[in-house]
Amino acid sequence: MSVHINAKKGDIADTILLPGDPLRAKYIAETFLEDVVQYNEVRNMFGYTGTYKGKRISVQGTGMGVPSISIYITELMAEYDVQKLIRVGTCGSIHKDVKVRDVILAQSASTDSKMNEIIFNGINFAPTADFDLLLKAYNAGVEKGLNLKVGNVFTEDVFYNEHAEHEKWAQYGILALEMESSALYTLAAKFGRQALSILTVSDHLLTGEVTTSEERQLTFNDMIVVALDAAIQD
Ligand SMILES: O=P(O)(O)O[C@H]1O[C@H](CO)[C@@H](O)[C@H]1O
Ligand SMILES: O=c1cc[nH]c(=O)[nH]1
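Residues numbered from 1 in each chain as written. Chains lettered and ligands numbered in written order. Predicted model: local features only at pLDDT ≥ 70, side-chain atom pairs only at ≥ 80, totals over all residues. Heavy atoms only, no water.

K.L.:
I keep staring at the pairing of strand β9 (residues 194-204) and nothing clicks. Help me out?
P.N.:
In terms of burial, β9 is a largely internal element, 10 of the 11 residues being buried. By the bridge criterion, 4 bridges tie strand β6 (residues 103-111) to β9 in an arrangement that is antiparallel. The residue of β9 that forms the bridge with V103 is T200. (Buried < 20%, exposed > 50% of the residue type's maximum accessible area, 1.4 Å probe, protein only. Helix = DSSP H or I, 4+ residues; strand = E, 2+ residues; numbered from the N terminus. Pairing = 2+ DSSP bridges.)

K.L.:
Before we go on, may I ask you to explain the packing of helix α1 (residues 22-32) against helix α7 (residues 213-232) in this structure?
P.N.:
Angle between the axes and distance between the axes: these two values describe a pair of packed helices. Axis separation between α1 and α7 bottoms out at 12 Å; the angle between their running directions is 70°. Taken together, the axes of α1 and α7 lie roughly perpendicular to each other. Residues R24, Y27, I28 and F32 of α1 pack against Q217, F220, N221, I224, V225 and L228 of α7. Tallied by class, residues from the contact of α1 with α7 come to 7 nonpolar, 2 polar and 1 charged. (Axes fitted to C-alpha atoms, helices over the stretch in contact; angles between N-to-C directions. Parallel < 35°, antiparallel > 145°, perpendicular 65-115°, else oblique. Contact = heavy atoms within 4.5 Å. Nonpolar A, V, L, I, M, F, W, Y, C, P; charged D, E, K, R; others polar.)

K.L.:
Sorry if this is basic, but what is going on with the site of ligand 1 here?
P.N.:
Neighbouring residues of ligand 1: G20, D21, R24, M64, R87, G89, T90, F159, E178, M179 and E180. R87 places a polar side-chain atom, nitrogen or oxygen, 2.8 Å from an oxygen atom of ligand 1. In this structure, an oxygen atom belonging to ligand 1 sits 2.9 Å away from a main-chain N or O atom of M179. Out of a free accessible area of 350 Å², ligand 1 has 85% covered by protein chains. Top contributing element to the shell around ligand 1 by residue count: strand β5 (residues 84-93), with 3 residues. Looking at the shell around ligand 1, its residues break down into 3 nonpolar, 3 polar and 5 charged. (Near = heavy atom within 4 Å. Polar contact = N/O pair within 3.5 Å; in protein donor to acceptor, adjacent residues only side chain to side chain. Areas by Shrake-Rupley, 256 points an atom, 1.4 Å probe, with all protein chains shown as cover.)

K.L.:
Please clarify how the confidence of the model for the chain should be interpreted in this entry.
P.N.:
Predicted coordinates in areas of low pLDDT are best not read in detail. Considering every residue of the chain, the mean pLDDT works out to 96; 100% of them sit at 70 or more. The complex prediction reports pTM at 0.97, with the ipTM value standing at 0.98. (pLDDT = per-residue confidence, 0-100.)

K.L.:
In this structure, what is going on with the packing of aromatic side chains? I would like to understand it.
P.N.:
Geometrically, a pair of aromatic rings is defined through the distance of the ring centres and the angle of the planes. One pass over the structure, following the stated rule, counts 5 aromatic pairs. With 6.2 Å between their ring centres and 80° between their planes, Y27 and F32 make a pair best called edge-to-face. Residue F32 is classed as buried on the basis of its relative accessible area, which comes to 18%. When the ring of F120 is compared with that of F125, the centres are 4.6 Å apart and the planes differ by 10°; the resulting orientation is stacked. The class of F120 is partly exposed, set by a relative accessible area of 26%. (Phe/Tyr/Trp six-rings, centres within 6.5 Å; stacked < 30°, edge-to-face > 60°.)

K.L.:
For this particular structure, what's the right way to read the nonpolar core?
P.N.:
General note: in soluble globular proteins, nonpolar side chains tend to be found buried as a group. I12, L17, I104 and I198 are the most contacted members of the largest nonpolar core, which has 65 residues in total. Once you skip the residues sitting within four places of it in the chain, I198 turns out to touch I86, R87, V88, G89, V103, I104, L105, A137, M223, V226 and A227. Within the second largest apolar cluster, 7 residues are counted, among which are F154, W169, A170 and I174. (Core = buried A, V, L, I, M, F, W, Y, C linked by side-chain atoms within 4.5 Å.)

K.L.:
Where do I start with the site of ligand 2 in this structure?
P.N.:
Near ligand 2 you find T90, C91, G92, E156, F159, L177, E178, M179, S202, D203 and L205, and these make up its full shell. Separating a nitrogen atom of ligand 2 from a backbone N or O atom of G92 is a distance of 3.2 Å. One nitrogen or oxygen atom from the side chain of D203 is found 2.9 Å from a nitrogen atom belonging to ligand 2. When the free accessible area of ligand 2 is taken as 240 Å², the share hidden by the protein chains comes to 88%. Those elements giving two or more residues to the shell around ligand 2 turn out to be β5, β8 (174-178) and β9. For the shell around ligand 2, the element with the most residues is β5, which contributes 3 residues. In the shell around ligand 2, the residues fall into 5 nonpolar, 3 polar and 3 charged.

K.L.:
What am I meant to see in the UniProt feature "binding site: a purine D-ribonucleoside" (unreviewed entry) in the chain here?
P.N.:
Using the residue numbers shown here, the UniProt feature "binding site: a purine D-ribonucleoside" (unreviewed entry) corresponds to H4, E178, M179, E180, S202 and D203. Considering the C-alpha atoms alone, the annotated residues occupy 200 residues of sequence and remain spread out, their largest mutual distance being 30.9 Å. Tracing the backbone through its elements, the reader meets E178 in strand β8. Not counting the four nearest positions on each side in its chain, E178 is found in contact with R87, T90, C91, V153, F154, T155, E156 and L199. Contacts of S202, omitting those with residues within four sequence positions, involve T90, C91, V100, V210, T211 and R216. (UniProt positions renumbered as here; feature names shortened; annotations may be inferred.)

Dropping the structure here:
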């Protein structure tokens, strides 16, 4: 048992999917996994273990933002020896070439989070996805005929931020905004583990377009299947 996860050692698989929303964790477990056991309900941050195509996989809600995901993934890596971590999240596009419902593989994650300044004492660390996982996810998406976008995303600390410079960030190639990937990549690097963020564009900050709940459900399924198929490849 760790401080925020009420599971025994061995209850959690060495590969895990990480949605921000604990109800997305429940949906993934109930829809895509077999022989599911719920291992965590502390703070309603649900965690489940089951099998996908015969391989053991877990799925754990992380909450919103860098502090919350940092707590969960640190405990997952330090206390439960999790090796492969794949975030399955939503994001807002700031780029004209990235449309609502597109699926992004976050190759890297820029950030305004203070976390890396604290860890690296002012040095600009570059939080980066694991190439092997990125390639596996990319190939899984291509096999499904998906037009995946691959690039730099921005992990923001402030969801409602009227000071954000979206135009400049897009000019420098940032595709979309979300709130956890830089922490995932930094902490996975610290522990020597593999990590990748896969994100579905739920809204567009340039056009004001948003998705309906039904559309989000269908698009999430693309992202989830790409994540699961990448996760089970040796
Ligand atoms: O849908 P999730 O995975 O929570 O991801 C995005 O949604 C939340 C904001 O609404 C933030 O956590 C952001 O990163
Ligand atoms: O963090 C997020 C998630 C979705 N849309 C946004 O604009 N930001």
